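Each chain is listed here by its residues.
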There are 4 protein chains.
Amino acid sequence: MDMYQKIIEAADAVTPKLILQRRDFHKYAEPGWQEMRTSSIIARQLTELGYEVLVGEQVCLRSARMGVPAEAVLENAYQRALEQGADEEFVKVTRGGMTGVIGILRCGEGPTVALRFDIDALGVYESQDEDHFPAAEGFASVNSGVMHACGHDGHAVSGLGVAQVLMQIKEQLHGTVKLIFQPSEEGVRGAKSIVEKGHLDDVDFFLGAHTTAEDDEGSDVTPGSTGALATGKYDVVFTGRAAHAGGEPHLGRNALQAAAAAVMSLYGIPRHGAGASRINVGKLVAGSGRNVIADEAFMELEVRGVSTEINDYMCRHAMQILEHTAAMYECTVEVREMGGAEAMFCTPELMERVAKISAEKLGLKVSENLLEDMGGSEDVSYMTNRVQKNGGQATFIRVRSPQKAGAHNRKYDFDESYIPKSIKIFCATVYDLMK
Amino acid sequence: MDMYQKIIEAADAVTPKLILQRRDFHKYAEPGWQEMRTSSIIARQLTELGYEVLVGEQVCLRSARMGVPAEAVLENAYQRALEQGADEEFVKVTRGGMTGVIGILRCGEGPTVALRFDIDALGVYESQDEDHFPAAEGFASVNSGVMHACGHDGHAVSGLGVAQVLMQIKEQLHGTVKLIFQPSEEGVRGAKSIVEKGHLDDVDFFLGAHTTAEDDEGSDVTPGSTGALATGKYDVVFTGRAAHAGGEPHLGRNALQAAAAAVMSLYGIPRHGAGASRINVGKLVAGSGRNVIADEAFMELEVRGVSTEINDYMCRHAMQILEHTAAMYECTVEVREMGGAEAMFCTPELMERVAKISAEKLGLKVSENLLEDMGGSEDVSYMTNRVQKNGGQATFIRVRSPQKAGAHNRKYDFDESYIPKSIKIFCATVYDLMK
Amino acid sequence: MDMYQKIIEAADAVTPKLILQRRDFHKYAEPGWQEMRTSSIIARQLTELGYEVLVGEQVCLRSARMGVPAEAVLENAYQRALEQGADEEFVKVTRGGMTGVIGILRCGEGPTVALRFDIDALGVYESQDEDHFPAAEGFASVNSGVMHACGHDGHAVSGLGVAQVLMQIKEQLHGTVKLIFQPSEEGVRGAKSIVEKGHLDDVDFFLGAHTTAEDDEGSDVTPGSTGALATGKYDVVFTGRAAHAGGEPHLGRNALQAAAAAVMSLYGIPRHGAGASRINVGKLVAGSGRNVIADEAFMELEVRGVSTEINDYMCRHAMQILEHTAAMYECTVEVREMGGAEAMFCTPELMERVAKISAEKLGLKVSENLLEDMGGSEDVSYMTNRVQKNGGQATFIRVRSPQKAGAHNRKYDFDESYIPKSIKIFCATVYDLMK
Amino acid sequence: MDMYQKIIEAADAVTPKLILQRRDFHKYAEPGWQEMRTSSIIARQLTELGYEVLVGEQVCLRSARMGVPAEAVLENAYQRALEQGADEEFVKVTRGGMTGVIGILRCGEGPTVALRFDIDALGVYESQDEDHFPAAEGFASVNSGVMHACGHDGHAVSGLGVAQVLMQIKEQLHGTVKLIFQPSEEGVRGAKSIVEKGHLDDVDFFLGAHTTAEDDEGSDVTPGSTGALATGKYDVVFTGRAAHAGGEPHLGRNALQAAAAAVMSLYGIPRHGAGASRINVGKLVAGSGRNVIADEAFMELEVRGVSTEINDYMCRHAMQILEHTAAMYECTVEVREMGGAEAMFCTPELMERVAKISAEKLGLKVSENLLEDMGGSEDVSYMTNRVQKNGGQATFIRVRSPQKAGAHNRKYDFDESYIPKSIKIFCATVYDLMK
């Protein structure tokens, strides 16, 4: 039998159980660095399938994780994972936020191919309306304020399906497969720590994928992505000195005023002549009471650029502004990096290969335009850039299926046909690369 | 017997029970517009003493109350008052925040003399340390986050003591006495609504008093106050439109940016050539998330002026700035008045009268300087100004006693000797005015 | 003889006298709306050639001229034009800034083809160094502070050369030719007033050209231009009220502070998600003395956008900011439009036609890339857009020749080989369109 | 004869020639650091009277002079002084702006008494109307744009009159007299450099005087001054880097934007709780052209405070803001001190002494209020403070006479009766102190 046909059949065969697993992940949604139950289940399944499995400290470089929640939050998440049926053995290593799993399949000589699946949920209150499929079917999130509203539950089980199918065809593969189940994509906080750990350094081909809505042409797949802006996410704290605003205003060091001055200058960073840049102060919380000079101000900031250079330009100016507005008002300022992504450029050869396989071997309809504009940021860019820097090829595929509402919406719902479709594309491409 | 001597003895006699009552008020501290238990107990006692008693809608003009909490907060306060032993009859009329009590004693022809006692507590977490007297004695506040940290528990029982003593000497009085137990002085929110109800319109002499720390000379009383700044307190809400900061920043209407621009211009309102002015944005909360253009910003603002004119000047400029920064960023803005006070100038004749009586009749030591600088704002100013406007006399007395910590501090504690001392000064002055 | 060959020979024949005329224009350089001598000479020559000639009020719509200098400046320019040998008859109609000339050649039925030549100089002090060709040859500008530093002297004589050549081949042409000698391109102030006069409404084909530096490939011509940003130029005056900064700061209405607030918000206009935008406050002059609240502020502002829509977006926000910062500080504000250009998109068919003719008929080397990025603004865009809006075709050609220094530099000098080369391209294309 | 009577008669006797001299000074008005002709004439007269005379480098400490004009301006002033009849010998030492004169009269043992007379004119265009006395009488300023519009011409000749009278009574004096003719009081630029030179270090009594308008009571003299604000005057230059605003805005370092940010923060320096403060940016000139990122911004700044401490507070904050706004925009900033004055508090004993002598010995009417509010700044404060710091006494007298228009007005004109009146007060007080 034709191997591609075998892949198609295998993918369809594993799908029913994966759909159940997807609903389980959806119901017990876990946000970034708290995917403890999720990671433990993935690790258990990969182990049972016969994969070499990396967990805990082996996955992410601890010091390169960004935007890690407070200890108490992580501990609560750990206890909840235990209560909600985490795998008791594997969950232990995730304590303190060391989530994520890597499964490795070694098949002798040949190229190293890495696939990435992100697994975290978002801070969204899921709709409980009857017209919301997960609610109607009883698998809406039971973790209040946490929801898989971006399809990462689908991505995760797609990875598990890929693991099963590849194991079935391993005799036909030559080289090494790495299945990377990445934590904390939301807020672009996790990928960098996996890259810094070195897992992408020996990779020749890299594939990632994301659910995406249908297009007018009714296509199934877009083999590459464009428009991913490089970005930096920062939390900023200005600290000043309180004073009574009526009696001794001159003794205060006004952190709120410093923050306001910073906001005015941040939005005024000159546009870059070479391409798009962005800046946003999305949140500002300052001061303790009406008649007190504010002694603290907290700010959530992000910059973006169409290239990593432009993003760096924005970042450099933002840091200067924060430093000097603080000093101007005799405050101190602390900046914490909470997330980041680079600009991303998919490798044309690999995109075309995916297109060709999808069309010719899988009978899928490929978008006329090989690139879909993301219009946002994705930290998969750290992985694609590392692979390309070493001479490898990388792309980030968009797999299309009907959606009920846009990503990050409380009624977001992707069609589960995404699951077998993405498994087929991943496995067929891997086979093509390693046969 | 000399009437002044009689007043002294009567004041000392009622003090032990007042101290118990003060500790009761302290233990069940209630913040502004929530003094429901406190008001009900005061109304009950005044009634039993034989006073004509005004409560509920009769005290404050409902629409002139400023900074009233949300309905749910008021309802919680009401339930708590019931649980903590409020007078069941009188508490009913306070429901919804109609707190405050006025006791009237009519003694035929003669001048009308009004005394004011403020009764609300503050939003402060009281110290539970052993070296804090209320904690050691077991009467620290049981209402978490609410504390009598400004002595209004003392003021309230001082008013009850005055009520008792005056009733004992009423045969010697000619005219009318009004004992005004004012709610919501903190945040300068309550006095105006009593004035607007008309209670001060027929008053010939007005007296208020406040606890104050000892001075170097060891004096007992300062018969007047100066330096009370006129003030206006405002809550401001900017409303814009959210948009994704990466993809469509031009579709946003940035309420956070509008608020920051407003802050920069508010602090830059030109100083007034005729005297001191103040401005403060004590709190700013804006935005919902890092990558979203902020669609809302909330701001707590206050202005002050050494005269009502200068305060009005500051207010006018602040309102212009808020209106136009909002419009500049295509946002709307809503401003709510949350409190206010006027500048205050005590009547010299009345100050001297209080000084003379205190020294000659009560044997108290009077400060060399007849005026104490308040360096803040007091809404008793609405009352003094209304009385003076009609040709009456008014003063705001400072009664001195040792203090453990400054006002608004969580270890604030005034010496209870304040209670009889203030009763004597009030009653002796009333007698002198009405004999 | 082949008509293209005839055009080539005719162009070469007229060049020597045109070079002399170019040096004459260069020596007596005139800035925007002051091209009185220049216009008068052009009008004289076109008249002598037999063209129907439009001058004065017939060329630009008076009220649509932007950035017109003060009356006194225009009158000085007029007197200088007279002194420097203007044509005495034609110069009269230019008095007051009604410069520019249109020459019309009617050749029966056929399409209307318009060519545009800009004729104004810049506010630059020309180098007098020996290594600067115009200085060495004695034709550097004698009008101090005014210099043809952008090649418009070459453009102007190129137009005169086209006029001569077309007259020689008019028997072979069918339709109407309009030669538009446009004033005040610098600062993008003049084109709109010609368009508003209606001169482009009946045009089927439109061609403009600009000198440009050599490229690496050694090409002669780029048949189209891209990257012309739409732009708006504004002069802004804030008017407030002076007051003594020590004694009565509250009586001032601070125009300088208003302008500073405007600057902060102008640079902070949100980036547009759909493409590049620009904003600049290039000049700010405010206040009269250190101890006086400034009662006036003058600002030179410009906005740009990669599309007319984005430019309009920037303009709308800028106007809002100016209006509301003025109101915020109780100032008034007046905004004058000083210049403007639209985004420009050359018609592919016409670009390809120019390319084909240049290569095949004139033996010129055409750039591989048919479009040159301008990276600035050109008010020829008003003309191209008007023509295209009516269904016509338009392009803006770049004719390459060696340059000594970049445009707007005081040592700018284009090679005079530009003159015959551009005449050939214009005339051959006109012939091709009208034959 | 009574010595006071002798002083009165001597003062009256010298007045007619002083009036001529005053009109001469008025006609040839010289602004700060350019009082070359004026200084040379004063030095000549003091020398002829027999005074020990200090000129040039002996008067002001060169490096402590503030707000000195450019060399070319000073040289022009020097040439003009020569042309307008300066004393040829004494004018030489003033070249380069070393103006001012000190005359010393040593009379053996006794206190040192210093008197100060300021001699500079203002940058005002004098009225040429017939109703303006100096114009009608032919002594309006012939130096266009320079006018004695603050009475310093009167002060100067008053000093010359004092010199004559004291010389007549020197046998009755014991101690030392210093007559200080100070340059550059306008802009508060000169006094500090005389103090820094040490001339006030040994002074026991110090007197200055200023013309002032009549009051309602018709008094002749107010023996002291109050309300002089401490002040600092600064010129600020921000330097950035130019760039094309359309093509490469990111390469600019925007000095105009830095200056605007500074303005917003400067006006927002928190009010001082202890008393009045002031800030003003009276002038701002930035940028070179609309489409260029501004590479330079010039700012004229002043701060004031009701005490030297508050002025220092304002200055410290202003310097921080300038430094950090510059750094924020990657600009450099240079701040030059252009003037300064301290707060001033006249010595009560000396004020009362002047009052007593004026009333009892000179028959003058003394204001009921011993202090006149200046409502501005005066650098005589450096002198009074230095004397008081060493235990001496100092006052700044207001001598009243009718005025036609307020100071600094182009029709300002004081009544010349000021001259003998001020001479009498100075001389009688000196005699009283040294007899």
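See the structure above.
Residues numbered from 1 in each chain as written. Chains lettered and ligands numbered in written order. Predicted model: local features only at pLDDT ≥ 70, side-chain atom pairs only at ≥ 80, totals over all residues. Heavy atoms only, no water.

**As for the pairing of strand β13 (residues 393-400) of chain C**
All names here are of chain C. Most of β13 is tucked away, with eight of its eight residues classed as buried. On β13, burial covers both faces: Gln393, Thr395, Ile397 and Val399 on one face and Ala394, Phe396, Arg398 and Arg400 on the other are all buried. Sheet analysis places strand β5 (residues 205-212) next to β13, joined by eight bridges and oriented parallel. Each residue of the ladder has a partner; that of Leu207, found in β13, is Thr395. Across two bridges, the pairing between strand β6 (residues 221-222) and β13 is antiparallel. Pairing of Thr222 across the sheet is with Arg398, part of β13. (Buried < 20%, exposed > 50% of the residue type's maximum accessible area, 1.4 Å probe, protein only. Helix = DSSP H or I, 4+ residues; strand = E, 2+ residues; numbered from the N terminus. Pairing = 2+ DSSP bridges.)

**Topic: the interface of chain B and chain D**
Accessible area lost during the coming together of the parts is what is often quoted as the interface size. With 13 residues of chain B at the contact, the number on the chain D side is 13 residues. Summed over both partners, the interface of chain B with chain D comes to about 940 Å²; 43% of that surface belongs to carbon and sulfur atoms. Interface area lost by chain B to chain D is led by Met264(B), Arg271(B) and Arg278(B), which between them contribute 64%. Taken together, the connections running from chain B to chain D amount to zero salt bridges. The tally of links between chain B and chain D comes to six residue pairs in polar contact (both at pLDDT 80 or more). Secondary-structure elements contributing two or more residues to the side of chain B that touches chain D are α8 (255-267) and β9 (277-286) of chain B. Residue composition of the side of chain B that touches chain D, grouped by class: six nonpolar, five polar and two charged. (Contact = heavy atoms within 4.5 Å. Buried area = accessible area lost by both parts, 1.4 Å probe. Salt bridge = Lys/Arg side-chain N within 4 Å of Asp/Glu carboxyl O. Polar contact = N/O pair within 3.5 Å; in protein donor to acceptor, adjacent residues only side chain to side chain. Nonpolar A, V, L, I, M, F, W, Y, C, P; charged D, E, K, R; others polar.)

**What to know about the pattern of salt bridges**
Any two side chains of opposite charge can pair if their charged atoms end up close together. Residues and elements named next belong to chain D. As enumerated under the stated definition, the model contains 134 salt bridges over all chains in all. With a shortest N-O distance of 2.6 Å, Asp87 and Arg44 are connected by a salt bridge. In this pair, Asp87 is assigned in the loop between α3 (71-83) and α4 (88-91) and Arg44 in helix α2 (residues 36-49), connecting sequence segments 43 residues apart. Residue classification places Asp87 among the buried residues on the basis of a relative accessible area of 15%. A relative accessible area of 22% means that Arg44 is categorised as partly exposed. For Asp432, the salt bridge is made with Arg353, and the minimal N-O distance between the two is 2.7 Å. Here Arg353 lies in helix α10 (residues 348-361) and Asp432 lies in helix α12 (residues 418-434), a separation of 79 residues in the sequence. Residue classification places Arg353 among the partly exposed residues on the basis of a relative accessible area of 30%.

Limitation: the analysis is restricted to geometry and does not speak to function.
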